[in-house]
Amino acid sequence: MNVFKVAYRVVRRNSDVIYQGFGFRHLSDVTQYYVHPDNESFRGTTTLCQPIGESVILFARFLRAMGEGKPIGDYFFSEDRDTVFFILNVPEDYRDEGVVASNIFQYRALARGRDITIAAYDEDGRWIEGDMEHLHPLYKLLPVFLVLLAQSVETDADYRELMDRFVSEPAADLFVNVHEDFYQNHKVAEYDISYSDLAGVSTDVMRSCSESFHVLRDNKEKRREKPESKIVPFPDDAFSEAQKAYIPALPEEFILPASLTNVCNALAAGDLRAVLFHGPAGTGKTMACKLIAQAVRLPILETINCTENLDEFVLGKFLPEGEAVVFQESYVTKAIRDGGAVVFEEINFAKPQHLAFLNSLLDDNGFVRLDNGEFVRRHPNFRFFATMNLGYFGTRELNQALYNRFNAVIELAALSDDAISRMLTARVPSCAPFVGKMLSVYHKLQKKIQAEELDVVLSPRNLENWARLAKYDGYLRAAEKTILPVAKCDRALEHTIRSILMLYRWK
């Protein structure tokens, strides 16, 4: 039985609204929110259905209740996740609103591979006898999808992350994403469904969701804990007055992430001397380098974009001076010799031969040899920062020997909405009333780009350009010149961008 195809033909008799489903109905067209890359509909549209939608909402409620310490059930899974046993105490409002039959107080579902057994129990815990035919089709699909959702979050890390986001931040676009990914991942699967009493199922050799959930929650909370240590900068006499002129002085809207506090201290103390930041465009990798340098009073003598400025003369070159030819060392060499930092942006765009000197520079006994034959030993206060985007056209994998010479490799996630909002309103104060809408457009486009693996980049820089031009051109016309070009003449994507923009009032 293909329950996912069947679900689109089943709707409650009392209402076609998806209960607690953001106002969506059975067969609502939600294409403007999300289109899965494997979507095979004739028109390329995304459509919701009541059975899957209400199962997603109920499963999220189940996880949320568990996180709040007020569980409404539990599920158990085998080591290989092939067997999942789900127990749900049906919330009272689901009976009151007719989402399930008035006599159903508990569902149980057991999935073993493609075999699924479901059972319903009354107020006294007695199995409601009969076969599946006495249950309304929707009532029997609900436990089927619940146990498959449990199996999905246990076997698919990406789907688990998506579900966790929805549980933490329930929103219409995330709901559509969770619903559609669940459908697309199972749409061709056939299941054998049966109805039988599951009171005798043993969970002795299975793991409990509640147990693993609390372990995951505790670990996540520990990761979110802010470091208590204060930043200890370089001593005041670590750099000359001339060098101190190169210490970054950034606007107030840029705030050092708390997670980098201990990185600052390790750099100032000399326990870290080379740090690599990686992540997608617009996550503030270079800004992180500057924020760290500002915090520890570290001068940045040179910032080199490896896509444009890195060549064989990075350490210096011979130049004519009058009738003589003299060697003029670079600011990179000055930092190596006298202390200070350098930043190599997009280091994985560089030609390997132009990075060869870094192997000896970042080694334990760091040094470089200049083209004039001079041997320069690394100063104790020299620090090296590098940034890179992964998987972009034109990039290369770093040589393993060089990669291993970084003392820390830090992935920066996308900037938070608060950080983007703070940056936009500080730089373009007039955009403050529209920032929420701009961020909504940003997130909808990011989801489409990621879901369809499009070779385009949308970053907070595009939002800033949009806000600046909107002062003169209005938000819709300004978007045509600042956001639409992101599509790189992909007419379908341009159409999507325009459709998303039209969802909001820009006056």
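What counts and how
Residues numbered from 1 in each chain as written. Predicted model: local features only at pLDDT ≥ 70, side-chain atom pairs only at ≥ 80, totals over all residues. Heavy atoms only, no water. Helix = DSSP H or I, 4+ residues; strand = E, 2+ residues; numbered from the N terminus. Buried < 20%, exposed > 50% of the residue type's maximum accessible area, 1.4 Å probe, protein only. Contact = heavy atoms within 4.5 Å. Areas by Shrake-Rupley, 256 points an atom, 1.4 Å probe, with all protein chains shown as cover. Pairing = 2+ DSSP bridges. Axes fitted to C-alpha atoms, helices over the stretch in contact; angles between N-to-C directions. Expected span 1.5 Å × (residues − 1). Phe/Tyr/Trp six-rings, centres within 6.5 Å; stacked < 30°, edge-to-face > 60°. Lys NZ or Arg CZ within 6 Å of the ring centre and 35° of its normal. Parallel < 35°, antiparallel > 145°, perpendicular 65-115°, else oblique. Left-handed = near helix turned anticlockwise from the far one by under 90°. Nonpolar A, V, L, I, M, F, W, Y, C, P; charged D, E, K, R; others polar. pLDDT = per-residue confidence, 0-100. Arc of directions from axis to C-beta. Core = buried A, V, L, I, M, F, W, Y, C linked by side-chain atoms within 4.5 Å.

## Some details on the overall build of the chain
The number of helices and strands found in the chain is 19 helices and 15 strands. Out of the 507 residues belonging to the chain, those deemed buried represent 52%. Long-range pairs, those at least 24 residues apart, make up 71% of the contacts in the chain with a sequence separation of at least 6. Carbon together with sulfur atoms contributes 48% to the accessible area of the chain, which is approximately 25,300 Å² in total.

## What about the environment of Trp 466?
Here Trp 466 lies in helix α17 (residues 460-473). Taking the relative accessible area as the measure of exposure, Trp 466 reaches 0% and is therefore buried. Residues Trp 466 and Pro 51, 415 residues apart in the sequence, show an inter-C-alpha distance of 41 Å. When near neighbours in sequence (up to four residues on either side) are disregarded, Trp 466 contacts Met 438, Val 441, Tyr 475, Ala 478, Ala 479, Thr 482, Ile 483, Leu 501 and Trp 506.

## Topic: the sheet that holds strand β5 (residues 192-195)
Read across the sheet, six strands follow the order β5-β4-β3-β2-β1-β6 without closing on themselves; strand pairing throughout is mixed. Strand pairing shows two members of the sheet lacking a second neighbour, β5 and β6 (207-208), which therefore form its edges. Sheet strands in contact with helix α2 (residues 50-67) are β1 (73-77) and β2 (83-89), and its direction is about 100° off that of β1.

## Concerning helix α10 (residues 285-296)
Taking 1.5 Å of rise per residue, the twelve residues of α10 would be expected to cover 16 Å, and the 17 Å separating its terminal C-alpha atoms lies within 8% of that figure. When we look at burial in α10, the residues that qualify are Lys 285, Thr 286, Ala 288, Cys 289, Leu 291, Ile 292, Ala 293 and Val 296. In the core, the buried residues of α10 are packed alongside α9 (261-269), β7 (274-278), β8 (300-305), β11 (340-345) and β14 (382-388). Arg 297 occupies a position one or two residues after α10 and carries a positive phi of about 60°.

## Side note on the packing of aromatic side chains
A complete count under the given rule lists 32 aromatic pairs for this structure. Measuring from centroid to centroid gives 6.2 Å for Phe 22 and Phe 166, while their planes differ by 55°, and the two rings are tilted. Separated by 144 residues along the polypeptide, Phe 22 in the loop between α1 (3-7) and α2 and Phe 166 in helix α5 (residues 157-168) bring together distant segments of the chain. Taking the relative accessible area as the measure of exposure, Phe 22 reaches 36% and is therefore partly exposed. Linked through ring pairs, Phe 22, Phe 24, Tyr 33, Phe 166 and Phe 175 together constitute an aromatic cluster. The side chain of Arg 95 reaches across the aromatic face of Phe 105, ending 3.7 Å from its centre. A cation over a ring is seen here: Arg 108 above Tyr 121, with NZ or CZ 4.9 Å from the ring centre.

## Here's the deal with the sheet that holds strand β15 (residues 408-411)
Spatially, β8-β11-β14-β7-β15 is the arrangement adopted by the five strands of the open sheet, whose pairing is parallel. Where the open sheet ends on each side, the last strands, each with one partner, are β8 and β15. The mean angle between the axes of side-by-side strands here comes to 15°, regardless of whether they run parallel or antiparallel. Of the pairings in the sheet, the one linking β7 to β14 comprises five bridges and is parallel in character. Following the sheet pairing, His 278 is matched in β14 by Met 388. Against the sheet, α10 contacts β7, β8, β11 and β14, and its axis sits at roughly 160° relative to β14.

## Description of the packing of α17 against helix α18 (residues 475-482)
The geometry of α17 relative to α18 is characterised by a closest axis approach of 8 Å and an angle of 135° between their N-to-C directions. When the interaxial angle is binned, α17 and α18 end up oblique. Crossing angle aside, the handedness with which α17 passes α18 is right-handed. Residues Asn 462, Asn 465, Trp 466, Leu 469, Ala 470 and Asp 473 of α17 pack against Tyr 475, Arg 477, Ala 478, Ala 479, Lys 481 and Thr 482 of α18.

## A short note on the packing of α2 against α5
Where α2 meets α5, the axes come as close as 9 Å, and the angle between the chain directions of the two elements is 75°. With respect to their mutual orientation, α2 and α5 come out roughly perpendicular. Residues Val 56, Ile 57, Phe 59, Ala 60, Leu 63 and Arg 64 of α2 form the contact with α5, whose participating residues are Met 163, Phe 166 and Val 167. Split by residue class, the contact of α2 with α5 holds eight nonpolar, no polar and one charged.

## Some points on the confidence of the model for the chain
For the chain, mean pLDDT is 88; residues scoring 70 or higher make up 93% of the total. When pLDDT is averaged over each element of the chain, helix α8 (residues 241-244) comes out on top at 96 and helix α7 (residues 209-224) at the bottom at 63.

## What about α18?
Looking at α18, one finds that the buried residues are Tyr 475, Ala 478, Ala 479 and Thr 482. Mapping the buried residues of α18 onto a view down its axis gives an arc of 105°, with all of them on the same face. On its buried side, α18 packs onto α16 (435-451), α17 and α19 (491-501).

## Some details on unusual backbone geometry
A positive phi angle, near 70°, is found at Leu 27, a position not held by glycine. Looking at Leu 27, the relative accessible area reads 47%, which means it is partly exposed. For Cys 489, which is not glycine, the phi torsion reads 65° and is therefore positive. As for its position among the elements, Cys 489 is in the loop between α18 and α19.

## Here's the deal with the environment of Phe 357
Mapped onto the secondary structure, Phe 357 falls in helix α13 (residues 357-361). Remark: the alpha-carbon pair of Phe 357 and Leu 370, spanning 13 residues in sequence, is separated by 9.6 Å.

## Some points on the nonpolar core
Core analysis: the largest hydrophobic core is formed by 70 residues, its most contacted members being Ile 52, Phe 59, Phe 62, Tyr 75, Phe 86 and Met 163. Apart from residues lying up to four places away in sequence, Phe 86 is in contact with Phe 59, Phe 62, Asp 74, Tyr 75, Tyr 107, Arg 108, Ala 109, Leu 146, Val 147 and Ala 150. Counting 34 residues, the second largest nonpolar core, distinct from the first, contains Ile 420, Cys 431, Val 456 and Tyr 475.

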